[in-house]
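Spelled out from the first residue to the last, the chains are:
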Amino acid sequence: MRPAQSYTIWFSQRTGSTLLNYALSSTGVAGDPSEWLHSREPAKMTKEDMEQIWKEGTTPNGVFGLKTSFDSRWMDSFRTIFDMPAAATRAEVWSEAFPNCNKHIFMTRRNKVRLAVSWWRAIVSGEWHRKHGEKPQEHDIADKYKFDAIDHLLTECAMREAALEDFFSEAGIVPLTIVYEDFILDYEGTVIDVLKFLNIPTDHVAVAPPALERLADEVAEEWVQRFRGERQKGWERKAW
């Protein structure tokens, strides 16, 4: 079954994409925008695999959703799977893989230093998400600060977003941009805005409460301030 409508949530790490995934899934009318491509090998994908993804990610109203980071290997894989001509644009290839994908959502975070620190915290602690009401994991990571790692993640985030922006510009796509800092302040309003952007009626739609807890803690804040100082060491004019 080919979806009647598809949309993609594009993200770099630690921008609230999983929280949005759970929220949209809870409505029952916006597909299940999970990371359907995560842990799969682009070179091993088949059309049958894609059809299974369509089935699992589509709600009864024909809407399919997924969330992903930009990875050019998938473009090459889809071009082969769907026998797309060499002249086909990346947007055309993507819309063949995810039928009628004319809606794109871009998730970002204003404070990239906090993003990079959150990313590193998740890596060293192993705690990427915490469901609402769950007891925090016990871990001692205070001594796991690593300037080079956080600096690398800061750069990687910038490069991932640059790749996305290049894709949008090439295709003339104007995505709905969701900023993490705004999303957590207006959770339900943001979800309703997404549904309206997707042209999905919002009458009688119930949005479940946030499924995840924020993970920021004193250690993360200490790392933010430490990195901020070390990254600008020797600067005549500090930016922050």
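In this text, all values refer to a predicted model and were calculated from it rather than measured experimentally.

Q: It is not clear to me how the nonpolar core should be interpreted in this structure. Could you clarify?
A: Note on soluble globular proteins: their nonpolar side chains tend to be buried together. Counting residues in each nonpolar core, the largest one holds 27 residues, and the members touching the most others are Leu37, Met50, Phe78, Phe82, Trp94 and Phe98. Breaking this core down by element, the ones donating at least two residues are α2 (47-57), β2 (63-68), α3 (72-81), α4 (90-97), β3 (101-108) and α6 (147-171). Considering each element in turn, this core owes the most residues, four residues, to α3. Apart from the residues within four sequence positions on either side, Phe98 is in contact with Ser6, Leu37, Met50, Trp54, Phe64, Leu66 and Phe78. Judged by nonpolar contacts, the second largest core, of 24 residues, contains Ile105, Phe183, Ile192 and Val207.

Q: Where do I start with the packing of α6 against helix α9 (residues 218-231) in this structure?
A: Between two packed helices, the angle of one axis relative to the other and the distance separating the axes together describe the packing. In contact at an axis separation of 11 Å, α6 and α9 are set at 85 degrees when each is read in the N-to-C sense. In terms of axis orientation, α6 runs roughly perpendicular to α9. Across the interface between the two elements, Phe147, Ile150, Asp151 and Leu154 of α6 pack against Phe227, Glu230 and Arg231 of α9. A class-by-class count of the residues in the contact of α6 with α9 yields four nonpolar, no polar and three charged.

Q: Quick question: what am I supposed to make of the side chain of His104 here?
A: By the secondary structure assignment, His104 is in strand β3. Classification of His104 by relative accessible area gives buried; the value is 5%. At 3.0 Å, the side chain of His104 forms a polar contact with the side chain of Trp10. In contact with His104, other than residues within four places in its own chain, are Thr8, Trp10, Trp94, Phe167, Phe168, Ile173, Pro175, Leu176 and Phe197.

Q: Got a minute to help me understand the pattern of salt bridges in this structure?
A: Opposite charge on two side chains makes pairing possible when the charged atoms of those side chains draw close. For the structure shown, the criterion picks out 13 salt bridges. One salt bridge in this structure joins Lys112 and Glu161, with 3.8 Å as the shortest N-O distance. Of the two residues, Lys112 is situated in helix α5 (residues 112-125) and Glu161 in helix α6; the sequence distance between them amounts to 49 residues. A residue is classified by how much of its surface remains accessible, and Lys112, at 25% relative accessible area, is partly exposed. The exposure class of Glu161 is buried, given its relative accessible area of 8%. For Arg114, the salt bridge goes to Glu221, with nearest N and O atoms at 2.6 Å. Remark: Glu221 occurs in helix α9 and Arg114 occurs in helix α5; sequence separation between them is 107 residues. You can call Arg114 partly exposed: its relative accessible area is 28%. We classify Glu221 as partly exposed; its relative accessible area is 33%. Overlapping salt bridges bring together Arg121, Glu127, Arg130 and Asp217 as one network.

The rules behind the values
- Throughout, a residue's number is its position along its own chain's written sequence, starting from 1.
- Whole-chain, interface and lining totals are the exception, using all residues; otherwise, since this is a predicted model, local features are given only for residues with pLDDT of at least 70 and side-chain atom pairs are given and counted only at 80 or more.
- The side-chain quantities take in all heavy atoms of the structure and omit both hydrogens and water.
- We call a set of buried residues a nonpolar core when its members are Ala, Val, Leu, Ile, Met, Phe, Trp, Tyr or Cys and they connect through side-chain atoms within 4.5 Å of each other.
- Buried means the residue's accessible area, taken with a 1.4 Å probe over protein chains only, is under 20% of the maximum for its type, while exposed means over 50%, and partly exposed covers the values in between.
- Under the DSSP-based scheme used, a helix requires at least four consecutive residues in state H or I and a strand at least two consecutive residues in state E, with every element numbered from the N terminus.
- Contacts are assigned to residue pairs that have any heavy atoms within 4.5 Å of one another.
- Lines fitted to C-alpha atoms define the axes, with helix axes restricted to the stretch in contact, and inter-axis angles between N-to-C directions lie between 0 and 180 degrees.
- Here roughly perpendicular refers to angles of 65 to 115 degrees, roughly parallel to angles under 35, roughly antiparallel to angles over 145, and oblique to all remaining angles.
- Residue polarity is assigned by list, with Asp, Glu, Lys and Arg as charged and Ala, Val, Leu, Ile, Met, Phe, Trp, Tyr, Cys and Pro as nonpolar; anything else, Gly included, falls into the polar class.
- In protein, a polar contact means a hydrogen-donor-capable atom and an acceptor-capable atom, both N or O and within 3.5 Å, with residues adjacent in sequence counting only if both atoms are side-chain atoms; elsewhere, any N or O pair within 3.5 Å suffices.
- Should a side-chain nitrogen of Lys or Arg be within 4 Å of a carboxyl oxygen of Asp or Glu, the pair is scored as a salt bridge.

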